[in-house]
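Residues per chain are reported as follows:
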Amino acid sequence: MSTKSTKSTKTTEKGKTIDAVWSGSWVAERLGVRLEEAGDPGSPRLDELLGLALRRNPKRAHLLVSQVLGKHVPQSPRAVYAAGHGLGERVRALLGDEAAAALVLGYAETATGLGHCVADGLGAAPYLHSTRRPVPGVEPAGGFEEAHSHATSHLLLPEDPKLLAGSGPLVLVDDEFSTGNTVLNTIRDLHARHPRRHYVVVALVDMRSPADRERLTAFAAEIGARVDLIALASGTVHLPEGVLAKGRALVEEYEGPGAAGPAPAPAPAAAPGPAPAPAGRIVLDWPAGVPDGGRHGFTPGHRARLEAALPALGRQLADALGTGPGRVLVLGNEELMYAPLRLARALEESGAAAEVRFSTTTRSPVLAVDDPGYAIRSRLVFPAHDAPADGPGDRYAYNVAGAGFDTVVAVVDSHGDTAALHGPDGLLARLAPHAGRVLLALVPSYAPEPSHDDPCDRREPIMPEPILPEPLRGPAFSSYAPQDCGWLLQDLSDVALEAPTEEREEAIQAGGAHYAESLPVEYQPSPRYQELYLSALDASAARVARAVGTVTETVLAERSPSPVLVSLARAGTPVGVLMRRWAQSRHGLDLPHYAVSIVRGRGIDPNALRWLAAHHDPSDVVFVDGWTGKGAITRELTEALREFPGFNPEIVVLADPGSCVSTYGTREDFLIPSACLNSTVSGLISRTVLRSDLVGPADFHGAKFYRELAGADVSTGFIDTVAARFDEVAEAVDAEVKELLAADRTPTWEGWAAVERISEEYGIHDVNLVKPGVGETTRVLLRRVPWKILAQRGAGADLDHVRLLAEQRGVPVEEVDGLPYTCVGLIHPRFTRGATGADGKAVTSK
């Protein structure tokens, strides 16, 4: 039976049947995707189990969205648990006496909880799920690839290697069985190590084509084993020709430049108000020695102890919520699905909440469209907070915003309880505007004892280090000379990434996007502004040259006699080029210089660090930036490098008005002319881009080369103008460096304190919306939606370009006393497009 119709039937708790819009109709109507039933008459209908959405994934356009998995769609924990447990009971009936010797294996991340529920239904079976989180001291016992996924490598990390060595039936559990490739890869790997006579594949839905079914049959015959399959429902997905291209075009229409964008949470009011209350916190009394899931194996003994503890855990959670928590969502975290599900079920059974729903966060990037015929109505975006091995990246929570939950309980293991979780754009902050209360519930991460097996018996690593490309160089990428800079980036020049400033700001502040997912439209200076830039360059070239000399000489004296300069793209890149030119001019040194990406809330590009460590001594690497504001990137780099020992995390900068670093050219807040412009003074390279559908685990972060702006490029002119003043400032640099080397340069972080004070005084309550210093203020005016500019009373020509940009955008400039910076830019708090006037200019505060 075809499910082309836009309506299906649903049964209420009172037994009444009503018509409802099928959550796959939006995609079906636009792409011609069709589901066709093939199961038994008594099986659930496919449109009862599945909706449809569009992936931001170049490998597969559509996503089958399960209604009973508890991943993308909040669902009753009773229904989620029953679906998996019922499948396990069917497996037990199929296996009969063999059930006692079975092992259940679930797939990360989507089916970790489902597989565990199947193991519960099977009875006495131990459980293991694959993982994408390597664990120090635990040797991989196997691995396989999931070809259509955006994150493919799976590891098997049992605490007891003998868990996979048995000969009894192996039960493999996934949420959907689409082509069978993942299952074939798994069985092929494990069968070569420990052959078995019987495999059982379990899924919520079996959507294989006839050819895929025949392939599995042939494979079973090839290895001489029996392979059975059990699913709640089965059918086929009919995809018309060209559906992948059509799907990409549709995603671009809704998320590309000028699009209305995905359905974010309802945006807060434009006027600044009080910040959401911080999340509450509870450390659950999880039974000692019981794993938080099946990453390292979960035995029948573990199951018995957890079952005994669950009623008390449910009461503990209910007590923490207090009276009247209303509609509660228990939100798990990626692979951590089973423990949150059982906690949600225990809370549901306690009767403490009016209604309980369960879902989890995910790595999968999916388009959100606020339409009842679409399965993903809203999307929250936040940074990974568990230090993933493949580097930082975006994570998502779907159908949470706008769903009317009174309370959200975010269940996280202790491994993920990091600064990123609690940061200003972390998960807890993203949840806060969309629930009356957010409670963080922590379970301990299970840490197996390190393996002490014979080293000769250890297998080859399953996840080898990626082979990374060589740096990009001009003139193929950037207008700098090839020796001046190697870009550890991937070229995204042919990808449409630009979006109007107001739309970007609204999506960022509503939690529907991260600033690094798109690019602002490149600002093209007016003739008047271009004249200001040239005038500023002429007036400050010697000042910049002196700061370049001072910071370079300090680095050579204190950090390394042969440093490897690594600038933070893109503000740091002109400074890195100038430092290289100084070392060459004054000392005859030919220093290597690279540019890498660092993204607030996401960290530095881990693959760039791996490349650097493979080609240079990490202790020689010196990270370079243009200036400090409040020091956010300084802190970001320090945190990111905890996973990469050997690198010195301290940034060196041209100007340090925030007093955040100890190696600098000056601590004065003055105009660095390269801050006046965008790509046309930075080698024609855009800001860096980090988006999971474009940047894979083995890729560098991305950027664009704006070749079409070559006629307006002043990048080499800026470098040459400053370098021409090196000789005249050399004597002053020598004297200044002697003083600095003997001085106490310990950072005071006075800039951060000032930003916090300004944030509170102006009712913003978000330090990320306060951008201190001339450089950061210029960025606000060029790339964000400014609210107002605070200027030090009596500030002179350093602010001429700021005043002009503020005039062009209708932004008030307010002169104040006692400002530790020359100026501070305030981004419009609680921004929506309604926060601008009819002429498109920013509305001033009252």
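Residue numbers here run from 1 along each chain, matching the order of that chain's written sequence. Under the rules for a predicted model, residues below a pLDDT of 70 receive no local features and side-chain atom pairs below 80 are neither given nor counted, while totals for whole chains, interfaces and linings still include all residues. Each side-chain value is worked out from all heavy atoms of the structure, with water and hydrogens disregarded.

(A) Structural context of the overall build of the chain. A tally of regular secondary structure across the chain gives 21 helices and 34 strands. Throughout this description, buried means an accessible area under 20% of the type-specific maximum (1.4 Å probe, protein chains only), exposed means over 50%, and partly exposed covers the range between. With 846 residues in all, the chain has 60% of them scored as buried. Throughout, a residue-residue contact means that at least one pair of heavy atoms, one from each residue, lies within 4.5 Å. Relative to all contacts within the chain whose residues are 6 or more apart in sequence, the contacts with residues 24 or more apart total 77%. For the chain, the accessible area works out to roughly 31500 Å², and carbon and sulfur atoms hold 52% of it. Only runs of H or I of at least four residues qualify as helices and only runs of E of at least two qualify as strands under DSSP, and these elements are numbered from the N terminus. All accessibility values rest on the Shrake-Rupley procedure with a 1.4 Å probe; residue burial counts only the protein chains present in the view.

(B) How the structure looks around the packing of helix α13 (residues 527–558) against helix α14 (residues 572–587). Note on method: axes are straight lines fitted to C-alpha atoms, helices fitted across the in-contact stretch only, with angles between N-to-C directions ranging 0 to 180 degrees. Where α13 contacts α14, the axes come no closer than 9 Å and their chain directions differ by 75 degrees. Between α13 and α14, the angle falls in the class roughly perpendicular. Contact residues: Val544, Ala545, Val548, Gly549, Val551, Thr552, Glu553, Val555 and Leu556 in α13; Leu578, Met579, Trp582, Ala583, Arg586 and His587 in α14. For the contact of α13 with α14, the residue count by class is 10 nonpolar, three polar and two charged. Relative orientations are named as follows: roughly parallel for angles under 35 degrees, roughly antiparallel for angles over 145 degrees, roughly perpendicular for angles from 65 to 115 degrees, and oblique for any other angle. Any residue outside Ala, Val, Leu, Ile, Met, Phe, Trp, Tyr, Cys, Pro, Asp, Glu, Lys and Arg is labelled polar, Gly included; the first ten of those are nonpolar and the last four are charged.

(C) View of helix α7 (residues 243–255). To estimate how far a helix should reach, multiply one less than its number of residues by 1.5 Å. In this model α7 runs 18 Å from its N-terminal to its C-terminal C-alpha over 13 residues, within 8% of the 18 Å that 1.5 Å per residue would give. When α7 is considered as a whole, its buried residues turn out to be Val243, Gly247, Leu250 and Val251. Take α7 and look down its axis: the buried residues cluster within an arc of 100 degrees, on one side only. Turned more than 90 degrees off the buried face of α7, the exposed positions are Ala245 and Glu253. By construction, the arc corresponds to the directions joining the helix axis to the C-beta atoms.

(D) The environment of Gly326, seen in detail. Tracing the sequence through the fold places Gly326 in the loop between α8 (300–321) and β14 (327–333). Leaving out residues up to four positions away in the same chain, Gly326 has contacts with Ala353, Ala354, Glu355 and Asp406.

(E) Quick look at the sheet that holds strand β18 (residues 407–413). DSSP bridges decide pairing: two strands pair if at least two such bridges lie between them. Strand order in the open sheet formed by five strands is β13-β19-β18-β14-β15, and the pairing between neighbours is parallel. Either end of the sheet is taken by a strand with one partner, and the two such strands are β13 (280–283) and β15 (355–361). Here the average twist between neighbouring strands, direction ignored, is 20 degrees. This element, α8, spans β13, β14, β18 and β19 (437–443) of the sheet and lies at about 150 degrees to β19.

(F) Examining α14 more closely. When the terminal C-alpha atoms of α14 are compared, their 22 Å separation across 16 residues agrees well with the 22 Å that a helix rising 1.5 Å per residue should span. Of the positions making up α14, those classed as buried are Gly572, Thr573, Pro574, Val575, Gly576, Val577, Leu578, Met579, Arg580, Trp582 and Ala583. The positive-phi residue at the C-terminal boundary of α14 is Gly588, with phi of around 70 degrees.

(G) Region of interest: the sheet that holds strand β33 (residues 813–816). On the basis of which strands lie adjacent, the open sheet formed by four strands has the order β31-β34-β32-β33 and mixed pairing. Every interior strand has two partners, whereas the edge strands, β31 (770–772) and β33, have only one. Sheet twist, expressed as the average angle between the axes of neighbouring strands with direction ignored, equals 20 degrees. Pairing geometry for β31 and strand β34 (residues 823–827), over three bridges, is antiparallel. By the bridge assignment, Lys771 is partnered in β34 with Gly825. Helix α19 (residues 750–761) rests against β31, β32 (786–792) and β34 of the sheet, and its axis sits at about 140 degrees to β31.

(H) Fine view of the confidence of the model for the chain. pLDDT gives the predictor's per-residue confidence on a scale running from 0 to 100. The predicted model of the chain has a mean per-residue pLDDT of 84, with 86% of residues at 70 or higher. Confidence drops under a pLDDT of 50 for residues 1–19, and excluding neighbours within four residues, the segment shows 38 contacts in the predicted structure. In this model residues 832–846 is a low-confidence stretch, pLDDT under 50, and it forms 29 contacts with partners more than four residues away in sequence or in other chains.

(I) Molecular detail of the side chain of Arg570. Its location among the elements puts Arg570 in the loop between β24 (564–569) and α14. We call two N or O atoms a polar contact when they sit within 3.5 Å, provided that within protein one can donate a hydrogen and the other can accept it, with sequence-adjacent residues counted only if both atoms are side-chain atoms. In terms of polar contacts, Arg570 uses its side chain to reach the backbone carbonyl oxygen of Ile685, at 2.9 Å.

(J) Quick look at the environment of Arg188. Looking at the secondary structure, you find Arg188 in helix α5 (residues 181–193). Classification of Arg188 by relative accessible area gives partly exposed; the value is 44%. Separated by 35 residues in sequence, Arg188 and Ile223 place their C-alpha atoms 8.6 Å apart.

(K) Structural view of the packing of aromatic side chains. Stacked, edge-to-face and tilted are the three classes for Phe, Tyr and Trp ring pairs, Trp counted by its six-membered ring, which pair at centre distances within 6.5 Å; planes under 30 degrees apart are stacked, over 60 edge-to-face, the rest tilted. In total, this model carries 10 aromatic pairs according to the counting rule given. Where Phe298 meets Tyr338, the ring centres are 6.3 Å apart and the plane angle is 70 degrees; that geometry is what we call edge-to-face. In this pair, Phe298 sits in the loop between β13 and α8 while Tyr338 sits in helix α9 (residues 338–350), placing the two residues 40 residues apart along the sequence. By relative accessible area, Phe298 is classed as buried at 1%. Where Tyr480 meets Trp487, the ring centres are 6.4 Å apart and the plane angle is 10 degrees; that geometry is what we call stacked.

(L) Inspection of the packing of α13 against helix α21 (residues 800–809) at higher detail. Taken N-terminus to C-terminus, the directions of α13 and α21 make an angle of 165 degrees; their axes are 10 Å apart at the nearest point. As the angle between them shows, α13 and α21 are arranged roughly antiparallel. The way α13 lies across α21 gives a crossing that is left-handed. On the side of α13, the interface is formed by Arg528, Tyr529 and Leu532, while α21 contributes Asp800, His801, Leu804, Leu805 and Glu807. For the contact of α13 with α21, the class distribution of residues is four nonpolar, one polar and three charged. Less than a right angle of anticlockwise turn of the near helix away from the far helix marks a crossing as left-handed, whereas a clockwise turn marks it as right-handed.

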